Structures are given as structure tokens and as C-alpha cells.
Amino acid sequence: MITQVLLCGGSGTRLWPLSRKGYPKQFASILGEHSLFAASARRLSGPGFGRPVIVTGSDFRFVVTEQLAEAGIDPGTILIEPEPRNTAPAILAAALHVAAGDPEALMVVAPSDHAIADPAAFRAAVMQGVPAARAGRIVTFGIVPTRAETGYGWLELDGAEDGAAVPLRRFVEKPDLDRAEEMLASGGFLWNSGIFLFSARTILATFEEHAPALLAPVRRAVEGAVPDLGFLRLDPQPWAEAEPISIDYAVMERTRNLSVVPFRGSWNDLGGWDAVALEMGTDGQGVSLSGGATAIDCRNALLRADSEGVELVGIGLDNIIAVAMKDAVLVAERSRAQEVKQAVEALKAKGARQAESFLRDRRPWGFFETLALGERFQVKRIVVHPGGALSLQSHLHRSEHWIVVRGTARVTIDADVHLMTENQSVYIPLGARHRLENPGKVPMELIEVQTGSYLGEDDITRYEDVYARGQGARG
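Computed from a predicted model, the values in this text were never measured in an experiment. (Residues numbered from 1 in each chain as written. Predicted model: local features only at pLDDT ≥ 70, side-chain atom pairs only at ≥ 80, totals over all residues. Heavy atoms only, no water.)

Undergrad: Tell me about the overall build of the chain, and name the residues and values.
TA: Within the chain, the regular secondary structure consists of 11 helices and 30 strands. In terms of overall size, the chain behaves like a compact globule, its C-alpha atoms giving a radius of gyration of 24 Å where 475 residues would be expected to give roughly 23 Å. Burial statistics for the chain: of 475 residues in total, 52% are counted as buried. Taking the contacts inside the chain whose residues are at least 6 apart along the sequence as the reference set, 68% of them involve residues at least 24 apart. Within the chain, the 59 negative side-chain charges are centred at a point lying 2 Å from the centre of the 48 positive side-chain charges. (Helix = DSSP H or I, 4+ residues; strand = E, 2+ residues; numbered from the N terminus. Rg over C-alpha atoms; globule rule 2.2 N^0.38 Å. Buried < 20%, exposed > 50% of the residue type's maximum accessible area, 1.4 Å probe, protein only. Contact = heavy atoms within 4.5 Å. Lys, Arg positive; Asp, Glu negative; His and termini not counted. Charge placed at Lys NZ, Arg CZ, Asp CG, Glu CD.)

Undergrad: Residues and numbers for empty space enclosed by the protein, please.
TA: Across all of its chains, the model carries two cavities of 30 Å³ or more by this definition. Considering only enclosed or pocket space, the largest cavity measures out at about 210 Å³ in volume. Lining the largest cavity are 22 residues, and of these Trp365, Leu390, Gln393, Glu457 and Ile460 sit closest to its centre. Of all elements in the fold, only strand E22 (377–384), strand E24 (398–406), strand E28 (434–437) and strand E29 (444–452) reach the threshold of two or more residues within the lining of the largest cavity. Here the residues of the lining of the largest cavity sort into eight nonpolar, five polar and nine charged. Here the second largest cavity is characterised by a volume of approximately 50 Å³. Tallied by class, the residues present in the lining of the second largest cavity amount to seven nonpolar, three polar and one charged. (1 Å grid on protein atoms, 1.4 Å probe; cavity = no way out; pocket = protein on both sides within 12 Å on 5 of 7 lines; lining within 4 Å. Points joined across faces, edges and corners; volume = space filled by probe spheres on them. Nonpolar A, V, L, I, M, F, W, Y, C, P; charged D, E, K, R; others polar.)

Undergrad: Lay out the nonpolar core in plain terms, naming residues and giving numbers.
TA: Side chains of nonpolar character tend, in soluble globular proteins, to be buried together. The biggest cluster of nonpolar side chains holds 87 residues, and the ones touching the most others in it are Val126, Phe141, Leu197, Trp273 and Leu436. Considering every element that reaches this core, the biggest residue donor is helix H4 (residues 119–134), with six residues. Ignoring anything within four residues of it in the chain, the contact list for Trp273 reads Arg14, Leu15, Trp16, Leu18, Leu302, Arg304, Ile321, Val323, Leu330, Ala337 and Val340. Formed by 50 residues, the second largest nonpolar core is a distinct cluster that contains Val53, Ala95, Val218 and Trp239. (Core = buried A, V, L, I, M, F, W, Y, C linked by side-chain atoms within 4.5 Å.)

Undergrad: Could you give an account of the domain arrangement of the chain, with specific residues and numbers?
TA: Split into domains, the chain comes out as domain 1 (2–268), domain 2 (283–350) and domain 3 (360–464). Relative to domain 3, the C-alpha centre of domain 1 lies at a distance of 39 Å. (Domains from an automatic or database assignment.)

Undergrad: Tell me about the packing of helix H3 (residues 87–101) against helix H6 (residues 200–210), and please be specific about residues and values.
TA: In a packed pair of helices, the relevant descriptors are the angle between the two axes and the axis-to-axis distance. Contact geometry for H3 and H6: axes closest at 9 Å, N-to-C directions at 135 degrees. One element, H3, and the other, H6, form an angle in the oblique class. Crossing handedness for the pair H3 and H6: left-handed. Contacts between H3 and H6 involve Ala88, Leu92, Ala95, Leu96, Val98 and Ala99 from the first element and Ala200, Ile203, Leu204 and Phe207 from the second. (Axes fitted to C-alpha atoms, helices over the stretch in contact; angles between N-to-C directions. Parallel < 35°, antiparallel > 145°, perpendicular 65-115°, else oblique. Left-handed = near helix turned anticlockwise from the far one by under 90°.)

Undergrad: Mind laying out the pattern of salt bridges, listing which residues take part and the relevant values?
TA: Going through the model one piece at a time under the given rule, you end up with 28 salt bridges. Here Arg85 makes a salt bridge to Glu83, at a shortest N to O gap of 3.2 Å. Judged by relative accessible area, Arg85 falls into the buried class, the value being 13%. Classification of Glu83 as partly exposed rests on a relative accessible area of 30%. A salt bridge links Arg363 to Asp361; the shortest N-O distance between them is 2.6 Å. The residues Arg363 and Asp361 share a single accessibility class, namely buried. (Salt bridge = Lys/Arg side-chain N within 4 Å of Asp/Glu carboxyl O.)

Undergrad: Outline the sheet that holds strand E20 (residues 360–363), supporting the account with residue identities and numerical values.
TA: Strand order in the open sheet formed by six strands is E20-E21-E22-E29-E24-E27, with antiparallel pairing between adjacent strands. Whereas interior strands pair on both sides, the edge strands pair on one side only; in this sheet they are E20 and strand E27 (425–428). Looking at each pair of strands side by side, their axes are set apart by 20 degrees on average, direction ignored. By the bridge criterion, four bridges tie E24 to E27 in an arrangement that is antiparallel. Among the inter-strand pairings, Trp402 is bridged to a residue of E27, identified as Val426. (Pairing = 2+ DSSP bridges.)

Undergrad: How would you summarise the UniProt feature "domain: Mannose-6-phosphate isomerase type II C-terminal" (unreviewed entry) in the chain if you had to cite specific residues and measurements?
TA: Look at the UniProt record and you will see "domain: Mannose-6-phosphate isomerase type II C-terminal" (unreviewed entry) annotated at residues 359–465. For residues 359–465, the end-to-end C-alpha separation is 24 Å, with 0% helix and 59% strand making up the annotated structure. (UniProt positions renumbered as here; feature names shortened; annotations may be inferred.)

Undergrad: Could you give an account of the layout of surface pockets, with specific residues and numbers?
TA: Roughly 250 Å³ of internal volume is contained in the second largest pocket. Leu31, Ala39, Arg43, Ala115 and Ile116 are the residues nearest the centre of the second largest pocket, which is lined by 14 residues in total. When residues in the lining of the second largest pocket are grouped by element, the largest group, four residues, is from helix H1 (residues 36–43). Class assignment of the residues belonging to the lining of the second largest pocket gives a composition of seven nonpolar, three polar and four charged.

Undergrad: Kindly report on unusual backbone geometry, identifying the contributing residues and their values.
TA: Cis geometry marks the peptide bond from Trp16 to Pro17; its omega dihedral reads 10 degrees. Considering the arrangement of structural elements, one finds Pro17 in the loop between strand E1 (2–7) and H1. For Leu229, which is not a glycine, the phi torsion comes out positive at approximately 55 degrees. Note on placement: Leu229 falls in the loop between strand E10 (226–228) and strand E11 (231–233).

Undergrad: So, the side chain of Glu369: which residues are in play, and what are the values?
TA: Tracing the backbone through its elements, the reader meets Glu369 in strand E21 (residues 366–373). We classify Glu369 as buried; its relative accessible area is 10%. A polar side-chain atom of Glu369 sits 2.6 Å from a polar atom in the side chain of Arg381. (Polar contact = N/O pair within 3.5 Å; in protein donor to acceptor, adjacent residues only side chain to side chain.)

Undergrad: Outline the side chain of Asp248, listing residues and values.
TA: Among the secondary structure elements, Asp248 is positioned in helix H9 (residues 247–252). At 3.4 Å, the side chain of Asp248 and the side chain of Asn192 are in polar contact. What Asp248 contacts, discounting residues up to four positions off in sequence, is Phe171, Asn192, Phe196 and Glu253.

This is the structure in C-alpha cells:
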């Protein structure tokens, strides 16, 4: 059995405004109905693959379990990083965890935000690399290039590509266009997918040889991990001591024990809106449309309306990316798609909420979204999943009015507990301990009107919480 290790802690700022720190691209439905994370989990599951190990951040742990459940996949372990430390510590933590059960276990490690159109073909490529991995090699998967791409790293093969795993000569950093064209013409180079296959014993020995300073703090973080509901929280103190470094820089570019399996199928790391446009498909004028988008006399453009009720119309556009949401709009020249990350930094510098957060904020019990916000009031729409429950909590600076518009709510206010149905309302005084639950079998929806001197999400004191989130806005 091969253990799939999925890394899903990144923020994906190059796909802003659809991808933001609060809900990054791997969990969004960018290409079709399912998220990139769910598609990645499905891709490497089934015969020959065991239960996956997930490495993610605390804010996304319930998103991970919800999307895995929707995909019909039961995770093996969900490791919670106390803070992002890049891919090398994350992969090392997963390897130490897997090795504790079976040092010879094979692991295929992949980001959770790639698009691969033919999952069966990629599974076959993984199986092709198994003999080399069992023989102690580190196997990476190189994508047979279709263009002189400057946005990817490349791999130089040490020998002719023959369909089997071949030795790797070296990694090549993202090239300029002239160098990319030379490598494409030579035929001896592949794109670096960032996907690896190896045994737990092999990768641990590789860290021991090339990045020994990482082993001690990450090992202590794994050994000190604490179970939390269905998750395993790494020990934050030693984890903070681990150098934040990528797996390529830490070990892969230093070891000579690398083989490459060429993959000829469609692959895209969706590293920018230009990459998304390639996957969406185009009309005869090179235009990609999504949602409520309309193009009139446009060429080589991407137009997306990614919020319900938003209509985006482009007229006479050429080589333009336009992405519209309820609270933010991006318009950029297609050739400058990689600069979106700079726009996010500019928004953060000016204190714009849209840099990192959405109007809709997901929680383990459901979600809420802001409908209106003023100096001393806020109106929210709150949707609670069947069986979901908000924490028993109080606020220091605001009172609330709740109006049920769908389903049934069980409401606790101090010592009183009662059921509310559609069109019924209740007032929660400032300082009152209160809780909202959905005892029904359909989603419960209500409108909340807040009034007070401070309306931030961190004005919450929790007394009980079935999701063990602790204090603070998200916990």
C-alpha cells in the first residue's frame, strides 16, 4: 500500500480574489464542481493506496474533514501545523509519523492544488515508480513539456527518456524565455511537478545526510503531538525551531539519489490566472468564461464572475484577465498574472480586509456572511449544518437579534433553552451566555443583527465548544 501525503497549508495569493488566506485555492471550486483538494485526494486513492495523511493548518482542519467526507475518503491522520514552515518540515513530519508504523512504507507526497485531467494515467505513473522507490531511490515526476514555460522549475535528465524511471542530473530554477526554449528543443528536460515517491526510511536517511538540523525539532514536534478530536496537533515549541525551507532546497537539490518518471498527461499547478485560463478551455477567440461572465468582441481573455448575482461584461478586451466577486474585482494584463501577489501585499499594507478575508466566513458548524456593516451595526446571514452547534459564548461589546428564516433553531440564552422556527425572533442581551444549534435534518438559516461599540469576531468568550476551538475569532 502507498500512503498519500497531501500538503494543503498554502495561501495561493496569485489566484486572488478567489483564493485568499482565509480560504485558499486548494479548497475552492476553480475547475468544475469539486475543489482542487478533493480532486487531489480522489486522484491517489483506491486499489494500491492506503488512507491518506493530510498536513494542514488549524484554520482548515474542519474544511479538510468536510471535503474528504463529501469525497467519500476516510483520512488516516490529519497533522496540524502550529504555523507554516514550508514543505520540508511538513514532509519530514509526515515521514516520521508514517515511519513510526512502518519504516518501509511507501509515501507519495503531493501538493493539493494541482490539476491533472487523467487521474488513472497519473496513478499508473506512480505505480511505474514503485520499483525504484522500493530499491531506495527518491522518485519525482517530471511533466513532459508542451511549451517554453518560464513559470515552472525544470528537471534535466541524466540519460534518454525511455518511459521508465531515469536518473536525474539536476534541478533547473525557473528560466528566462530563451533558456526555456533551448530546454524544450533539446528534449532532455521535463517540468518539475513537485510530486515525490519514496519510502519513509529513504527520505529520513536523506534528511539525516543533507538537512540534519531539521530532524531534531521536527522529531520532537511529532513525538510531542497531542490528539485533538480527530486531529493530531504537532508540538508548537519545537516546531517553531524548525527552519522554514522547501523540500527542494533542503534535500532534493543536494542528493544524487533521484530518479524521474516522465508523465505525458495534462498537468497544471494553477500558479496564476493565466494557468487557470489554460485549463478552463476557450472559444474560437481564445476567451475563457465562467459564472455570470459575458464577452463581446474579446480575444485571449479570461472573464470570471465568481459570486452569485454578479454579472461581468467585457467589451473589446484583448489579453485581459478580469475576475469579479461581491467584494473585490481584479483586472490585469494576462502577461502580468504573476504580479497578483504584489496586489495582495498592497491591499494588506492599506489594511483592506479583502486582502485575506471573504464576506463569507466558513466555520465547522456552517458559515456566515456579512450583508451590511456600519459604524455600530452589522447584519449577517448565518447557516448552520444539520447537527451543527455554535459554541456557548458571550460578548463584551455587542448585543444580537436573531430571526430564523429557514429550518429550526435550538437557542440557549443563559438558563433558558427553547426552539425557534421560521419567522420567529429572539434578542440576546450584551453579556448573556448564548448558543445556537440546529437539531433538524436540513440546514438552518437565520439573519443576525448586531449592535454595539465593537463588532469584531474576536469579541467572543467561549465556555463550551464541541469543536474544541479555544478562545479567539477562529480558535
